[in-house]
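Listed below, chain by chain, are the residues.
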Amino acid sequence: MLVSLDLKNTPIWGDTLLAVEPHHADALKGRMELSREAPRPEEIDGLLTALGQAGTGPEEKIAIHFALGKAFEDAGRHEESWSHLVAGNDLHRSRLRYDRALDAAVVDGLIQVFGQSARPAASASSEAPIFIVGLPRTGTTLAERILGSHPDVHAAGELSCLSEALSEAVAAHHSLRDLDWLGFVTALQSVNPETVANAYLRLARPWRGREPRVVDKQPTN
């Protein structure tokens, strides 16, 4: 039997890797994020040394800046923490290639595709899924927990079934590898909504639970 363990979220992973490579940026960042104690002065000095020895690419520096942001925050040195968080975010932002016009076109296309879909009348007896959507940190998890506390409702968590169903429907007529976001949204205009709905129900079936209703809390939906 093959057992796969995700050690990236454990202190053991960071300590083991740092024993081999003391200035490994991701390991330093991970260990600092998992720490629940104020850092020792030598830990902060080690992070500053690692920052000075980081390669020319931004990835290592971003990770170490964020590690220092957490370290200085835990040490109560908030101005220094903020300066490293700003530096890390500035470096991260420099790597982004954001196209506002493309984003607007994608959103307009989504509105055109889904804005014309018929909305079923609300019914307490329907077995249709209850979708919870919204931006992160807007209370979607709280809404899911409230609904999931009802004896007839199963909270299934953040399912990927809708995006999988949409991709499946588009892939029936197009090569997904050849489509960018705008091309994908354009292809959705020729997709039969009933086909997507049936694919969603099939993909979500293993996660529905035994209750009559199921909640799918996926903000990206």
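Analysis parameters
- Residues numbered from 1 in each chain as written.
- Predicted model: local features only at pLDDT ≥ 70, side-chain atom pairs only at ≥ 80, totals over all residues.
- Heavy atoms only, no water.
- Helix = DSSP H or I, 4+ residues; strand = E, 2+ residues; numbered from the N terminus.
- Buried < 20%, exposed > 50% of the residue type's maximum accessible area, 1.4 Å probe, protein only.
- Contact = heavy atoms within 4.5 Å.
- Areas by Shrake-Rupley, 256 points an atom, 1.4 Å probe, with all protein chains shown as cover.
- Salt bridge = Lys/Arg side-chain N within 4 Å of Asp/Glu carboxyl O.
- Phe/Tyr/Trp six-rings, centres within 6.5 Å; stacked < 30°, edge-to-face > 60°.
- Axes fitted to C-alpha atoms, helices over the stretch in contact; angles between N-to-C directions.
- Parallel < 35°, antiparallel > 145°, perpendicular 65-115°, else oblique.
- Left-handed = near helix turned anticlockwise from the far one by under 90°.
- Nonpolar A, V, L, I, M, F, W, Y, C, P; charged D, E, K, R; others polar.
- Core = buried A, V, L, I, M, F, W, Y, C linked by side-chain atoms within 4.5 Å.

### Considering the overall build of the protein
- Looking only at helices and strands, the protein has ten helices and three strands in total.
- Counting from the amino terminus, helix and strand elements in the protein follow one another as α-α-α-α-α-α-β-α-β-α-α-α-β.
- Taken across its 221 residues, the protein has 27% of its residues classed as buried.
- Taking the contacts inside the protein whose residues are at least 6 apart along the sequence as the reference set, 63% of them involve residues at least 24 apart.
- Carbon and sulfur atoms make up 56% of the accessible area of the protein, which amounts to about 15100 Å² in all.

### Considerations on the pattern of salt bridges
- Within this structure, the stated rule accounts for nine salt bridges.
- Residues Glu42 and Arg40 are paired through a salt bridge, measuring 3.0 Å at the closest nitrogen-oxygen approach.
- For Glu42, a relative accessible area of 48% corresponds to the partly exposed category.
- Judged by relative accessible area, which is 47%, Arg40 ranks as partly exposed.
- Residue Arg77 pairs with Glu80 through a salt bridge whose shortest N-O separation is 2.7 Å.
- Judged by its relative accessible area of 33%, Glu80 falls in the partly exposed class.

### With respect to unusual backbone geometry
- Even without being glycine, Arg137 reaches a positive phi, approximately 65°.
- Inspection of the secondary structure puts Arg137 in the loop between strand E1 (130-132) and helix H7 (140-148).
- What makes Arg137 exposed here is its relative accessible area of 84%.

### A look at the environment of Asn221
- As for its position among the elements, Asn221 is in the segment after strand E3 (213-217).
- Classification of Asn221 as partly exposed rests on a relative accessible area of 32%.
- The spacing of Asn221 and Ser160 is 61 residues in sequence and 8.5 Å in space, taken between C-alpha atoms.

### With respect to the packing of aromatic side chains
- Under the definition given, this model contains two aromatic pairs.
- Measuring from centroid to centroid gives 6.2 Å for Trp181 and Phe184, while their planes differ by 80°, and the two rings are edge-to-face. One end of the pair is Trp181 and the other is Phe184, both in helix H9 (residues 181-188) and three residues apart, which spans about a single turn.

### Comments concerning the packing of helix H4 (residues 58-74) against helix H5 (residues 78-95)
- Running from N to C, H4 and H5 point in directions that differ by 155°, and their axes come no closer than 8 Å. Judged by the inter-axis angle, H4 sits roughly antiparallel to H5. In this structure, the crossing between H4 and H5 has a hand that is left-handed. For the pair H4 and H5, the contacting residues are Pro58, Glu59, Lys61, Ile62, His65, Phe66, Leu68, Gly69, Phe72 and Glu73 in the first and His78, Glu80, Ser81, His84, Leu85, Ala87, Gly88, Asn89, Leu91, His92 and Arg95 in the second.
- Looking at the contact of H4 with H5, its residues break down into eight nonpolar, eight polar and five charged.

### Side note on the nonpolar core
- Grouped together as the largest cluster of nonpolar side chains are 19 residues, with contacts concentrated most on Leu188, Val196 and Tyr200.
- At the level of elements, helix H8 (161-171), H9 and helix H10 (193-204) are the ones that each hand at least two residues to this core.
- Here this core takes six residues from H8, the largest share from any one element.
- Setting aside chain neighbours within four positions, we find Tyr200 in contact with Pro129, Phe131, Leu159, Cys161, Leu162, Ala165 and Asp216.
- Counting 14 residues, the second largest nonpolar core, distinct from the first, contains Ala25, Leu47, Ala71 and Phe72.

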